[in-house]
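Below are the chains, spelled out letter by letter.
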Protein chains: 4
Amino acid sequence: MKKILWPVRVYYEDTDSGGVVYHANYLKYFERARTEYLRAMGHELDVLSREYGVLFVVRTLGIDYLKPARFNDALLASAEVTGVRPASLTFTQTLTRGEDLLLATAEVKVVCLGVDGFRPVAIPAILLHSLKHEF
Amino acid sequence: MKKILWPVRVYYEDTDSGGVVYHANYLKYFERARTEYLRAMGHELDVLSREYGVLFVVRTLGIDYLKPARFNDALLASAEVTGVRPASLTFTQTLTRGEDLLLATAEVKVVCLGVDGFRPVAIPAILLHSLKHEF
Amino acid sequence: MKKILWPVRVYYEDTDSGGVVYHANYLKYFERARTEYLRAMGHELDVLSREYGVLFVVRTLGIDYLKPARFNDALLASAEVTGVRPASLTFTQTLTRGEDLLLATAEVKVVCLGVDGFRPVAIPAILLHSLKHEF
Amino acid sequence: MKKILWPVRVYYEDTDSGGVVYHANYLKYFERARTEYLRAMGHELDVLSREYGVLFVVRTLGIDYLKPARFNDALLASAEVTGVRPASLTFTQTLTRGEDLLLATAEVKVVCLGVDGFRPVAIPAILLHSLKHEF
């Protein structure tokens, strides 16, 4: 698995009075796809936290909004890892309507922190191993 | 202090594509007012958690939506305690545009839980004391 | 179809610093289930709005929070219509972990409004017809 | 007025189970500050929409998360316009705890769209005039 495409349905909760998806909510869709990407490789974030004492937080995020997503849209949020460092991962992501119409692109760098102290720590070997198999 | 009126401005984040405030977001306004009610009596929720090992969670909630709140509205969320039990509080709350136009009413029962175990525990005496002075 | 069970995965977006799902977000899950209930009968809310000039807004809502939902939980939100009036519907809903562990129950009354004017109007016959077949 | 500092209180609604403010919610704080920046110059977004037929949507957004914001924090979200084009504005923004501790920085480009058609249109002269006085 090099890339995941995760289905996202747009509900009222996601929209704003401009009639489109509120811009901050794209970040939720992208995070769902990152979570499902890890799950598809067999890694659950709550297990990583409990057993390895780590969590991932967003360190930098860049997003391009190309076309608006609308109420009731059936979207696909993609996630793939395009950079691996000892304590951080870079995801390149897209949001499309159907498989073709590109609505947004994003690059998101997440850092691995210790749950105690909130300082950067090495990504658990078991996760790095899965990711290395991807490259 | 028997009642607090807390100002709430409606931003895009709060609205939905119906052009009005999304119904779940009224609950956020009401919680802000409850938090500010306790703060006005000198009680900070993070201090109560750290020093007394308790947090409050919503147990039941009933809300009547009377008129829609809209983008850019300047609202007032009220909070007053109308019921005190050893391990729970009942708040009666309103949301108004200006001081007069009633948009919503709510009754919210919150339970005091221990941060470890998430089981009901007695409300800290220091908080009960403040509340008793209200009645 | 008398009742829908709609799967809901809990992501970080849904949780709060108490470590559980933020109480207002249960309302989002319940609305997703209501939307999917109508979709399962062949009714799309955006089509109802465009072709019949109506939308549904929550008029009253009562919710009981029984047990906390947590990060990564795989939940089921149910929706069934337990009351039909000319211009309103009442939904009875549950949130469960798996099919058995009950986390919350809700009763939600939604009113059918005209998109122009935001006043109550009769529920479109095509939708009433589907609902009547349910009773 | 060249820059606004807008106070933001962190409530439970803003946090996630990591114990800190959920990353997407920083975008809400930044938008509140942009809205208040325009309001401080005498421009209301709903009036601009009604009278000039325009709205602003985010076109690109880059954000650096430096330190976590936490429950109950009293923050300041800044907004200043650092770029003006015929149909777009660039805002440079910061989020600080108190006035000094920098938690996040962002650059946000918003585009002026016609409310009908959602296509880029010239920023209304009355708004450009206010902004030009800033430079």
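Residues numbered from 1 in each chain as written. Chains lettered and ligands numbered in written order. Predicted model: local features only at pLDDT ≥ 70, side-chain atom pairs only at ≥ 80, totals over all residues. Heavy atoms only, no water.

Some points on the interface of chain B and chain A
Each partner contributes to the interface: chain B provides 9 residues, whereas chain A provides 9 residues. Taking both partners together, chain B and chain A bury about 700 Å²; carbon and sulfur atoms supply 61% of that area. Broken down residue by residue, the surface that chain B buries against chain A is led by Y12, S17 and Y22 of chain B, which jointly contribute 59%. Linking chain B with chain A are 0 salt bridges, by the criterion used here. Run the count over chain B and chain A and you get 4 residue pairs in polar contact (both at pLDDT 80 or more). Here the side of chain B that touches chain A is built from residues that sort into 3 nonpolar, 4 polar and 2 charged. (Contact = heavy atoms within 4.5 Å. Buried area = accessible area lost by both parts, 1.4 Å probe. Salt bridge = Lys/Arg side-chain N within 4 Å of Asp/Glu carboxyl O. Polar contact = N/O pair within 3.5 Å; in protein donor to acceptor, adjacent residues only side chain to side chain. Nonpolar A, V, L, I, M, F, W, Y, C, P; charged D, E, K, R; others polar.)

Digging into the relation of the copies chain B and chain A
Screw-axis analysis of chain B against chain A gives a translation of 0.0 Å along the axis, an RMSD of 0.0 Å, and a rotation angle of 180°. Such a combination of rotation and displacement between the chain copies is what one expects of a two-fold axis. Residue D16 of chain B, judged by its C-alpha, is the member of chain B lying nearest the rotation axis, at 1.9 Å. (Least-squares fit on C-alpha atoms with pLDDT ≥ 70 in both.)

Some words on the sheet that holds strand β2 (residues 54-65) of chain D
The 10 strands are arranged β1(A)-β3(A)-β4(A)-β5(A)-β2(A)-β2(D)-β5(D)-β4(D)-β3(D)-β1(D) in an open sheet whose pairing can be described as antiparallel. The sheet terminates laterally at β1 (4-9) of chain A together with β1 (4-9) of chain D, the two strands that pair on one side only. Averaged over all pairs of adjacent strands, the angle between strand axes in this sheet comes to 30°, irrespective of strand direction. Bridging between strand β4 (residues 88-97) of chain D and strand β5 (residues 101-114) of chain D involves 10 bridges; their strand directions are antiparallel. Note on β5 of chain D: the bridge partner recorded for L89 of chain D is V110 of chain D. (Pairing = 2+ DSSP bridges. Helix = DSSP H or I, 4+ residues; strand = E, 2+ residues; numbered from the N terminus. Axes fitted to C-alpha atoms, helices over the stretch in contact; angles between N-to-C directions.)

With respect to the relation of the copies chain A and chain D
For the match of chain A to chain D, the screw axis carries a shift of 0.0 Å, the RMSD comes to 0.0 Å, and the turn is 180°. By residue overlap, the copies meet face to face through one surface: 95% of the interface positions of chain A are interface positions in chain D.

Observations regarding empty space enclosed by the protein
Applying the stated rule across the entire model yields 2 cavities of 30 Å³ or more. Size it by volume and the largest cavity reaches roughly 110 Å³. Residue lining of the largest cavity: 13 residues in total, with E13 and N25 of chain A, E13 and N25 of chain B together with K28 of chain C positioned closest to the centre. Contributions of two or more residues to the lining of the largest cavity are made by α1 (25-40) of chain A together with α1 (25-40) of chain B. Quantified by volume, the second largest cavity comes out at close to 90 Å³. As for the second largest cavity, its lining consists of 14 residues, of which K28 of chain B, E13 and N25 of chain C together with E13 and N25 of chain D are closest to the centre. (1 Å grid on protein atoms, 1.4 Å probe; cavity = no way out; pocket = protein on both sides within 12 Å on 5 of 7 lines; lining within 4 Å. Points joined across faces, edges and corners; volume = space filled by probe spheres on them.)

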